[in-house]
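Examination of the molecular architecture
So the chains spell out like this:
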Amino acid sequence: MSGETMLSVEKIDVFYGASQILFGVDLAVEKGRTLALLGRNGAGKSTTLKAIAGIAPPKRGSIRLHDREIAGAKPFAIARAGMGYVPEDRQVFPQHTVEDNLLIGAKKGPGGQDFWALKTVYEVFPILAGMKERKAGLLSGGEQQMLTIARTLMGNPDVLLLDEPSEGLAPIIVQAIGDLIRKLRGMGVTILLAEQNMHFCLGISEDAAVIDKGGIVYRGTIKDLRANEEVTRRYLAI
Ligand SMILES: Nc1ncnc2c1ncn2[C@@H]1O[C@H](COP(=O)(O)OP(=O)(O)OP(=O)(O)O)[C@@H](O)[C@H]1O
């Protein structure tokens, strides 16, 4: 891979209490690219994203955003440094309108970037533009997923961490979320996408890593991964 590394994770070990969940996880996401982190249920995808976002800080290892060490920093400091984290459970503010939910996330990026504002978000997410005044709690699961992604973008992050954005959504909505992520990638957003479903990632990401039992077992392009029956069968149950 060439280009500038935006996010690098080196040999992180993460524990929940006494049990070790991640074992020396290594990852690198290049600027403007999308890396799919694939693995079965319980393999350690969410924990990896939580470690990067500061919610499950690693006991050992390094996490760098640009060249800044962020391992062990508090979640708000990591967010301020440019990390946009969209957790698995869509956390909208149900009593607030769509627009207020977006405004809650509004801030300039770490370098003063203010590309993402209401106007841009409504252009990229026309569905949200049509429901500005609606209470977020009344939105469907897919709409809430879009709203949480849009709200995170309102913070002008340098890297977007997406934890299983397609989970629990109807196939047509999954496709809409896929189209959206592809659009973001086309706009140059750097994305780390945790997913169980390799097929969902095929047209979205260039790069792939596979995690199993808390360790990275494959790293390469998603095309090569798709062609690698041994790895997909063994670690992705395809
Ligand atoms: N709070 C916790 N305390 C203890 N163990 C946990 C906790 N959260 C997750 N685990 C365990 O850590 C391992 C990795 O979980 P993780 O959620 O990272 O997996 P995942 O690949 O994201 O899967 P999923 O698709 O279920 O989210 C699993 O064995 C899980 O049981």
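Not measured: the values here are computed from a predicted model.

**Quick word on the environment of glycine 39**
Within the secondary structure, glycine 39 is located in the loop between β3 (34-38) and α1 (45-53). Taking the C-alpha atoms as reference, glycine 39 lies 8.8 Å from methionine 198; in sequence the two are 159 residues apart. Not counting the four nearest positions on each side in its chain, glycine 39 is found in contact with Gly44, Lys45, Val210, Ile211, Asp212 and Tyr235.

**Some remarks on the sheet that holds strand β1 (residues 5-16)**
Read across the sheet, four strands follow the order β2-β1-β4-β5 without closing on themselves; strand pairing throughout is antiparallel. Looking at the sheet topology across the chains shown, the edges are occupied by β2 (19-30) and β5 (68-69). As defined by bridge partners, β1 adjoins strand β4 (residues 60-65) across five bridges and the pair is classed as antiparallel. Directly across from glutamate 10, in β4, lies its bridge partner serine 62.

**So, unusual backbone geometry**
Of note, histidine 66 is a non-glycine position whose phi angle comes to about 55°, a positive value. For histidine 66, the location among the structural elements is in the loop between β4 and β5. Overall, the presence of 17 C-beta atoms within 10 Å leaves histidine 66 in the partly exposed class. Backbone geometry at asparagine 156 places phi at a positive 50°, although glycine is not the residue there.

**Brief notes about the site of the ligand**
Taken together, Tyr16, Ile21, Gly39, Asn41, Gly42, Ala43, Gly44, Lys45, Ser46, Thr47 and Gln196 form the complete shell of residues around the ligand. Ranked by the residues each element gives to the shell around the ligand, the list is headed by α1, at three residues. Taken together, the residues that form the shell around the ligand break down as three nonpolar, seven polar and one charged.

**Here's the deal with the pairing of strand β9 (residues 207-212)**
The side chains of a regular strand alternate, first on one face of the sheet and then on the other. In terms of residue burial, β9 counts as a mostly covered element, since five of its six residues are buried. The pairing of β3 with β9 spans four bridges and is parallel. Looking across to β9, one finds that leucine 38 is bridged to valine 210. When β9 meets strand β10 (residues 215-221), the two strands line up antiparallel, connected through six bridges. Counterpart to aspartate 212 in the pairing with β10 is glycine 215.

Parameters and conventions
Residues numbered from 1 in each chain as written. Predicted model: local features only at pLDDT ≥ 70, side-chain atom pairs only at ≥ 80, totals over all residues. Helix = DSSP H or I, 4+ residues; strand = E, 2+ residues; numbered from the N terminus. Contact = placed C-beta atoms within 7 Å. Pairing = 2+ DSSP bridges. Buried ≥ 20, exposed ≤ 12 C-beta atoms within 10 Å, placed from the backbone. Near = placed C-beta within 6 Å. Nonpolar A, V, L, I, M, F, W, Y, C, P; charged D, E, K, R; others polar.

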